[in-house]
Amino acid sequence: MTEPQLAEPYLTELAPGVSAFVQPDGGWCLNNAGVVTDGSTTLVVDTAATERRARLLARMIAESGAPAPRTVVNTHHHGDHTYGNAVFTPGATVIGHAACRSELLAAGLQLHAVWPDVDYGETPLTPPSVTFTDTLTVHVGDIEVQLIHPGVAHTPGDTIVWLPQQRIVFTGDLVFNGGTPFVFMGSLAGSLRALELLRSLDAVTVVPGHGRVTGPEVYDGIERYLRFVDELARQGRADGRTPLEVARDADLGPFAELAESERLVANLHRAYAEQAGGEPGAPLDALMGFGDMTALNGGVPICCHA
């Protein structure tokens with residue numbers, strides 16, 4: 001299978017002292033990160049899936065004139081957002097939601113299990129050493145950084161990183177811009193509630209977990225997609241059909257333009273579980289979920305773009 005030819009990551013300034021590290025094309029394992037600095041101290045939002053990409057982030061921070069980060073915030077436990085933590089420690093303290101820490105410790109080097117042939121480099125498991133449960137405020141000089149847990153959404157341990165003075169929000173994977181949302185490890189209903197929380201912040205600039213920096217208008221398309229999945233699941237369960245059967249016959253309509261469309265079947269598995277009374281974030285069978293995504297992808301294994 002031909003590997004995708006991708007543009008290199010880049011650092012783009014959003015406001016004085018605030019930048020986004022964007023990794024095209026935003027597909028599987030190519031997440032965004034954030035940098036907040038006052039010139040004397042630096043905070044990073046998320047890292048990367050490989051040592052090479054995390055070191056590129058560190059180098060770009062240094063080349064921008066900012067000091068080495070003293071704080072790393074993880075928006076959730078998935079390896080594309082956390083594998084690079086070790087590049088910044090022990091000089092930086094890693095902060096995350098309590099469930100981010102516990103989920104990361106339980107999952108281990110999860111990307112290695114899904115994509116064993118990727119050259120990850122040295123990525124020792126480095127979970128948050130400082131955790132919170134609801135909200136936590138960090139100050140980078142005069143820049144206020146609010147960490148907000150929206151409840152179970154993309155995962156059990158999501159964190160929204162909100163800069164109220166700059167009206168910039170780093171959403172983690174609550175938002176995919178141009179990619180299909182993914183709630184298999186979290187909650188469809190919780191993701192809808194998280195969108196309402198994001199709207200209430202009244203951000204001007206939205207840094208999604210994957211895809212280009214955008215504005216709050218991105219929330220509307222995500223909501224429409226999640227409600228589409230919810231309705232498909234309700235009809236599919238009523239008809240006694242499996243998530244894979246429903247996904248294969250689904251007319252994606254306006255959502256056909258989203259990348260990673262195979263995520264539909266994984267999202268349906270979560271919707272089926274919730275509609276049957278399952279707890280948000282309760283573990284589902286990952287082999288089943290990824291197996292069905294491969295089947296929906298025409299039998300072609302999902303490609304890690306990192």
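Here the structure is a predicted model, which is why all the values come from computation and not from measurement.

1. Comments concerning the nonpolar core
Turning to step 1, where the next piece is worked out: The biggest cluster of nonpolar side chains holds 52 residues, and the ones touching the most others in it are V169, L198 and L264.
Turning to step 2, where the next piece is worked out: Secondary structure elements with two or more residues in this core: β10 (160-163), β11 (168-176), α6 (188-201), α7 (218-238), α8 (243-249), α9 (263-275) and α10 (286-296).
Turning to step 3, where the next piece is worked out: Counting residues per element, this core draws most heavily on α7, at nine residues.
Turning to step 4, where the next piece is worked out: Once residues lying within four places of it in the same chain are set aside, the contact partners of V169 are I160, V161, W162, L198, L201, A203, T205, V206, V207 and Y219.
Turning to step 5, where the next piece is worked out: Within the second largest apolar cluster, 20 residues are counted, among which are L43, V73, I95 and I168.

2. A short note on the environment of Q166
Turning to step 1, where the next piece is worked out: Tracing the backbone through its elements, the reader meets Q166 in the loop between β10 and β11.
Turning to step 2, where the next piece is worked out: Excluding anything up to four places from it in sequence, Q166 contacts A15, V18 and I143.

3. Describing empty space enclosed by the protein
Turning to step 1, where the next piece is worked out: For the structure shown, the criterion picks out three cavities of 30 Å³ or more.
Turning to step 2, where the next piece is worked out: The space that makes up the largest cavity amounts to roughly 70 Å³.
Turning to step 3, where the next piece is worked out: Elements that contribute at least two residues to the lining of the largest cavity include exactly β11 and α7.
Turning to step 4, where the next piece is worked out: Per element, the largest residue contribution to the lining of the largest cavity is three residues, and it comes from β11.

Cut-off values and rules
Residues numbered from 1 in each chain as written. Predicted model: local features only at pLDDT ≥ 70, side-chain atom pairs only at ≥ 80, totals over all residues. Heavy atoms only, no water. Core = buried A, V, L, I, M, F, W, Y, C linked by side-chain atoms within 4.5 Å. Buried < 20%, exposed > 50% of the residue type's maximum accessible area, 1.4 Å probe, protein only. Helix = DSSP H or I, 4+ residues; strand = E, 2+ residues; numbered from the N terminus. Contact = heavy atoms within 4.5 Å. 1 Å grid on protein atoms, 1.4 Å probe; cavity = no way out; pocket = protein on both sides within 12 Å on 5 of 7 lines; lining within 4 Å. Points joined across faces, edges and corners; volume = space filled by probe spheres on them.

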